[in-house]
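Fold and geometry: a report
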Amino acid sequence: AVPLLCSLISATAALSYLGMPGWSCSDDLMKRSKTVPTSVHSLRPADIDIIGALGDSLTAANGAGAETNDILGVAIQYRGLTFSVGGDKTLDEHISLANVLKKFNPNLFGYSIRTGSANVWETAKLNAGIPGADASDMVGQANDLIRRLKEHPEIDYLNQWKLIHIFIGGNDMCAWCRYSSETAENYRDNIRKAVQVLQKELPRTIVILVGMVDISLMRRADADHKVCLRMHQSECSCEVNPDVTDEMLSNETKLYIQAQHELEDSGEFDTADDFTLAIQPFFEGVDNICRNPDGTPNMDFFAPDCFHFGAYGHAVVAKNLWNNMMQPKGSKAVGNLTDTGNPMLCPETACPFIRTTKNSQDCTKYIAP
Ligand SMILES: *[C@@H]1O[C@H](CO)[C@@H](O)[C@H](O)[C@H]1NC(C)=O
Ligand SMILES: *[C@@H]1O[C@H](CO)[C@@H](O)[C@H](O)[C@H]1NC(C)=O
């Protein structure tokens, strides 16, 4: 949620970025399939032509490009910097899923650029995320995204392979302590309904669902920042509610994550060969915020409200996300928000695809002869 602002601090400092200069994989792993794949389990990163996203202010990237202390900048949607579909800069300068995929396929389409709201096609493109959205808004966003895919002549939505990224739940969790309707079951069912709409309307689609983050982590960043604490009153009331313990928030987050896994494990989105849902659970088990070498919170991770991600935070999250997508289900690494120059993975030679439930079980049947 974007709050009304009562305080303005004008001192600013330079923004921090994290890129992967010169990153590449072997030619064989970078190339497209010889013929357009018919199975979502045989999808090389370079086969993705279209990228889109559903989500909230972390997908709209509120504040991501705001300089330190520029509290007003949190109201600005820096869609071009979001960790999923943000297409500003290059991978050399800023890590995002879109910037990684552009390395594999320079013709990738749908990523958002610069700033602005979801309804400005020239900049938002297929980034349908809206600040303040919760899981109950996902069906509406899914329909909006489908309309865009069908309306725009530069997209062949029937034949091109599409990656749709979903990250939602922050606002559900921020309201969880106040509304009895914010249960893990409702959260799951709201996401389910949206993915069902995508499944019905979009052939050749992989849905990437990011596992829920534990918002009690934010408490470790904002303790010394009065302006942040004040902003969180409106942004995330359950986070600043003293009656809500860290343990309560962590427990509820675990229930949300379990509910997400149920969607993948049920097999309900594995009924056609050209559609699947793949959860990237790197936030699961993350028990620390981004730290400086001396152990203090690295505030570059956050936007000036110590809640949304800053450009650097988006890049760290994007690296964790990409690595999870390259790891088979069951062996996906727990994320680490402190980046120490750890590598960004390439597709595995033995299974050079975006990993799905099915190709994680047995990849051999998805390798073209
Ligand atoms: C959190 O979950 C643990 C393990 O299930 C349980 O023992 C504990 O009582 C829960 N705490 C709260 C505050 O609900
Ligand atoms: C994350 O990385 C930092 C820096 O290398 C390290 O100190 C920390 O133990 C890591 N955390 C986890 C959970 O692996």
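Remember, it's a predicted structure, so these values are computed and weren't measured experimentally. (Residues numbered from 1 in each chain as written. Chains lettered and ligands numbered in written order. Predicted model: local features only at pLDDT ≥ 70, side-chain atom pairs only at ≥ 80, totals over all residues. Heavy atoms only, no water.)

1. Some thoughts on the sheet that holds strand β2 (residues 161-167)
- Strands sit in the order β1-β2-β3-β4 across an open sheet of four strands; the sheet is parallel. For this open sheet the edge positions go to β1 (48-55) and β4 (275-280), each flanked by a neighbour on one side alone. Between one strand axis and the next, the sheet turns through 20° on average, direction left out of account.
- In this sheet, β4 lies alongside strand β3 (residues 205-210) in parallel orientation, the contact comprising six bridges. For Leu209, the partnering residue across the bridge sits in β4 and is Ile279.
- The sheet contacts of helix α5 (residues 138-151) involve β1 and β2, and relative to β1 the element is tilted by about 150°.
- Where helix α11 (residues 246-265) meets the sheet, it contacts β3 and β4, and its direction lies at approximately 150° from that of β4. (Pairing = 2+ DSSP bridges. Helix = DSSP H or I, 4+ residues; strand = E, 2+ residues; numbered from the N terminus. Axes fitted to C-alpha atoms, helices over the stretch in contact; angles between N-to-C directions. Contact = heavy atoms within 4.5 Å.)

2. Brief notes about helix α3 (residues 97-104)
- Counted residue by residue, α3 has seven buried out of eight residues, so it is predominantly covered.
- Lining the buried residues of α3 we find α1 (27-30), β1, β2 and α12 (311-326). (Buried < 20%, exposed > 50% of the residue type's maximum accessible area, 1.4 Å probe, protein only.)

3. Here we look at the pattern of salt bridges
- Overall, the coordinates contain 16 salt bridges when judged by the stated rule.
- For Arg147, the salt bridge identified is with Asp144, shortest N-O distance 2.5 Å. Taken together, the residues span about one helical turn, with Arg147 and Asp144 both in helix α5 at a distance of three residues.
- With a relative accessible area of 40%, Arg147 lands in the partly exposed category.
- The salt bridge partner of Asp144 is Arg148, with a shortest N-O separation of 2.7 Å. (Salt bridge = Lys/Arg side-chain N within 4 Å of Asp/Glu carboxyl O.)

4. Side note on the site of ligand 2
- Contacts to ligand 2 come from Asn336, Thr338 and Thr340.
- Between Asn336 and ligand 2, the recorded distance is 2.3 Å, taken from a side-chain N or O atom to an oxygen atom. (Near = heavy atom within 4 Å. Polar contact = N/O pair within 3.5 Å; in protein donor to acceptor, adjacent residues only side chain to side chain.)

5. Re the side chain of Thr59
- Looking at the element boundaries, Thr59 is found in helix α2 (residues 57-60).
- Residue Thr59 is classed as buried on the basis of its relative accessible area of 0%.
- The residues touching Thr59, leaving out its near neighbours within four places in the chain, are Ala53, Leu54, Thr82, Ser84, Asn127, Gly129 and Phe167.

Coordinates in, geometry out; function isn't part of it.
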